Every structure is written in structure tokens, then in C-alpha cells.
Amino acid sequence: MQTSIYTKIFKSKAEGKKLFAVLIDPDKFHSAEIISKAERAGVDLILVGGSIISDGNIENCIQTIKKITSIPVVIFPGNQLQISKNADAILLLSLISGRNPELLIGKHVVAAPLLKASGLEILSTGYMLIESGKQTSASYMSNTNPIPYEKDDIAACTAMAGEQLGLRLIYMDAGSGAQQPVSKSMITKVCNTISIPLLVGGGINTSEKALSACESGADIIVVGNAIEKDAELLDAISETIHSYKK
Ligand code: 1GP
């Protein structure tokens, strides 16, 4: 039987190994070359999704990726339309940093039968937007306020509540192309508060920033924009994340 993606994530965390996830925005996915490079670099997960998909197509994007690589493909949905049975799993996001009922439970009710029929592995995720210097697409589109940059306690209690509600992952996101990633102190505080795996993304555009997130306690480092701009970064960031030891 195939090991579930969650089992692999949880096992890596237990062994102190960090994972590297690359985010592909279907709107910006114009060349399959980046996927081949990700495969060669040893990327662990490919996330696919975006706040808005205007001229890209998530179905075509996932099919193309699946033809090239065996790296697990996980949907990171910008909305309830972004579901494809051709992926391996989906981050079922509940936006726990916000107070928009549609994104806490409403959209999930609408999507539930489709998700069940899809056969996708469902990774229920407490999604936390963190302030990063300027308003991000995710914050604007979700009509929610992110957690203030320096409010580590609020972030920790939010993540704790997510874990207590039974969510299986926490994702702290400074937003796509964030000016500054989530702070070291906030990642550390959240990491020390929960026992479920922690994803961190938004504005991680160098190996140094990836290392900083690892040192702070992130289990999965998510990089999108930086790779889209310069796919050569894949090797360096992957090496940094995979050679990290506590
Ligand atoms: C955005 O966390 C992801 O939701 C990735 O952000 O594109 O800034 O790497 P970047």
C-alpha cells in the first residue's frame, strides 16, 4: 500500500528532517523545465494553486507536472474551484487567522462532496496569514486581516487552537512575494506550541532565509516566486534544507 503524504511528512518531522515544497502558480507555469529541475534538485512536494487563476488552468498544469515527475502534487487551493483528482492530495485550508466564516467552514461544506468523490488525500490545514509589510493577494482576496507581524502570542494561540480542533498541519504564510518572511521569533513560538507539522512560506527567496526558517522550527519550507524568477535557486535551497541538522 502506498504511504500517505501525511505519514511521510509526520515521519520526516519525527526524524528532524526538513522538507522542501515548491509552489507552482498555474498562471505563471509556462515551462515544464522547472519541474525537471525540481526533480533533479530533490524537491519533496509540489504545491499547485493561486489566489486567482486568470489565464492558467489548474487541471492542465497538474497533468503536465504529473507526466514529468513522481514528486507528490498537492493542491494549495485559492478557492473551492481548484480541485483536481489528478493531484495526490489537497491542503484543505481553514483560514484560522481570519474571521471570515466562508473560509473557516462555508466553502468546505460546498466542496465536501466533490472532495470525497475526488479520492484526494485530504490534509486539513490551519492556514494563518501573517502581516508582511504590505497587503498581499491572499489577505485582500480573503477579506481578512493577517496576524500582526510582531504578535507571536496571537500566532501561537491560533496555531494551538487549530491543533486542538483536530487540524493536522499548520501553514504560516506571509503571502506570495512578501517583503519580509514570517519572523524567526514567531516561527519558534508556534513551533514550540504545537506538535503537528508546520509549513512556512511567503517571501523566502534565498538559501539564508530558508535556513532561518529551518532553524526556527519550520518543518516544510515553501518557495514560489523566487523559483519562478530564477529556477537555478532550486539546487541551493534544496541543499540548504536537506542538509540542515539541529
Ligand atoms: C505563498 O507561501 C507561498 O502563498 C509562497 O510565497 O511566492 O513568496 O515564495 P512566495
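Residues numbered from 1 in each chain as written. Predicted model: local features only at pLDDT ≥ 70, side-chain atom pairs only at ≥ 80, totals over all residues. Heavy atoms only, no water.

S.K.: Is there a simple way to think about helix H6 (residues 152-164) in this case?
M.R.: Taking 1.5 Å per residue as the helical rise, H6 with its 13 residues ought to reach 18 Å, and the 18 Å between its terminal C-alpha atoms agrees with that figure. Along H6, the residues that are buried comprise Asp152, Ala155, Ala156, Thr158, Ala159 and Gly162. End-on, the buried residues of H6 take up no more than an arc of 165°, which puts them together on one face. Looking at the packing, one finds that the buried side of H6 touches strand E5 (121-129), strand E6 (169-173) and helix H7 (184-193). Backbone geometry just downstream of H6 places Gly166 in the positive-phi region, at approximately 100°. (Helix = DSSP H or I, 4+ residues; strand = E, 2+ residues; numbered from the N terminus. Expected span 1.5 Å × (residues − 1). Buried < 20%, exposed > 50% of the residue type's maximum accessible area, 1.4 Å probe, protein only. Arc of directions from axis to C-beta. Contact = heavy atoms within 4.5 Å.)

S.K.: Sorry, what's going on with a nonpolar patch on the surface here?
M.R.: Residues Ile52, Tyr140 and Met141 make up a contiguous nonpolar surface patch of roughly 340 Å² in combined accessible area. Within the secondary structure, Ile52 is located in the loop between strand E2 (45-48) and helix H3 (58-68). For Ile52, a relative accessible area of 47% puts it in the partly exposed group. (Patch = residues over 30% accessible without salt bridge, like charges linked within 9 Å, V, L, I, M, F, W, Y side chains within 5 Å. Areas by Shrake-Rupley, 256 points an atom, 1.4 Å probe, with all protein chains shown as cover. Salt bridge = Lys/Arg side-chain N within 4 Å of Asp/Glu carboxyl O.)

S.K.: How do you make sense of the sheet that holds strand E4 (residues 89-95) when you look at a structure like this?
M.R.: As a general point, the strands of a sheet are linked pairwise by backbone hydrogen bonds and lie either parallel or antiparallel. Here we have eight strands rolled up into a closed barrel, ordered E1-E2-E3-E4-E5-E6-E7-E8, and parallel in their pairing. Sheet twist, expressed as the average angle between the axes of neighbouring strands with direction ignored, equals 30°. Bridge analysis of strand E1 (residues 19-24) against E2 gives four bridges, and the strand direction is parallel. Across the sheet, the residue bridging to Ala21 is Leu45, located in E2. (Pairing = 2+ DSSP bridges. Axes fitted to C-alpha atoms, helices over the stretch in contact; angles between N-to-C directions.)

S.K.: How should I be thinking about the site of the ligand in this particular structure?
M.R.: The full set close to the ligand counts 13 residues, and Asp173, Gly177, Gly203, Gly224 and Asn225 are the nearest of them. At a separation of 3.1 Å, an oxygen atom of the ligand approaches a polar backbone atom of Gly202. Within the backbone of Gly203, a nitrogen or oxygen atom sits 2.8 Å from an oxygen atom of the ligand. (Near = heavy atom within 4 Å. Polar contact = N/O pair within 3.5 Å; in protein donor to acceptor, adjacent residues only side chain to side chain.)

S.K.: When you look at the pattern of salt bridges in this model, what are you seeing that I'm missing?
M.R.: Pairs may arise between side chains of opposite charge once their charged atoms sit close together. In this structure the tally under the stated criterion is nine salt bridges. Among the ionic pairs, Lys37 bridges to Glu232, the shortest N-O distance being 3.0 Å. Here the residue Lys37 occupies a position in helix H2 (residues 33-41), and Glu232 occupies one in the loop between helix H9 (225-229) and helix H10 (233-242), the gap between them amounting to 195 residues. A residue is classified by how much of its surface remains accessible, and Glu232, at 51% relative accessible area, is exposed. Note that Lys184 is salt-bridged to Glu215, the shortest N-O span being 3.1 Å. Here Lys184 is found in helix H7, whereas its partner Glu215 is found in helix H8 (residues 207-216), with 31 residues between them in sequence.

S.K.: Whenever I open this one, the packing of aromatic side chains confuses me. Can you help?
M.R.: Centre-to-centre distance and the angle between the planes together describe a pair of aromatic rings. Per the counting criterion, the structure on display carries four aromatic pairs. Measuring from ring centre to ring centre gives 5.6 Å for Phe76 and Tyr127, while their planes differ by 85°; the resulting arrangement is edge-to-face. Taken together, the positions of Phe76 in the loop between strand E3 (73-75) and E4 and Tyr127 in strand E5 put the pair 51 residues apart, joining distant regions of the chain. Residue Phe76 is classed as buried on the basis of its relative accessible area of 9%. Against the face of Tyr6 rests Arg168, its NZ or CZ located 4.2 Å from the ring centre. (Phe/Tyr/Trp six-rings, centres within 6.5 Å; stacked < 30°, edge-to-face > 60°. Lys NZ or Arg CZ within 6 Å of the ring centre and 35° of its normal.)

S.K.: Please clarify how the nonpolar core should be interpreted in this entry.
M.R.: One broad rule of soluble globular proteins: the nonpolar side chains tend to lie buried together. Judged by nonpolar contacts, the single largest core of 79 residues is most densely connected at Ile24 and Leu234. Considering every element that reaches this core, the biggest residue donor is E1, with six residues. Those residues within four positions of Leu234 in sequence are excluded, and the remaining contacts are Phe20, Val22, Ile34, Lys37, Ala38, Ala41, Val43 and Ile227. (Core = buried A, V, L, I, M, F, W, Y, C linked by side-chain atoms within 4.5 Å.)

S.K.: What is the right way to read the environment of Leu95 from this model?
M.R.: Summarising the element assignment, Leu95 is placed in strand E4. On the accessibility criterion, Leu95 (5% relative accessible area) is buried. Distance from Leu95 to Ile52, taken between C-alpha atoms, is 17 Å for residues 43 residues apart in sequence. Once you skip the residues sitting within four places of it in the chain, Leu95 turns out to touch Leu103, Leu104, Tyr127, Leu129, Ser142 and Thr144.

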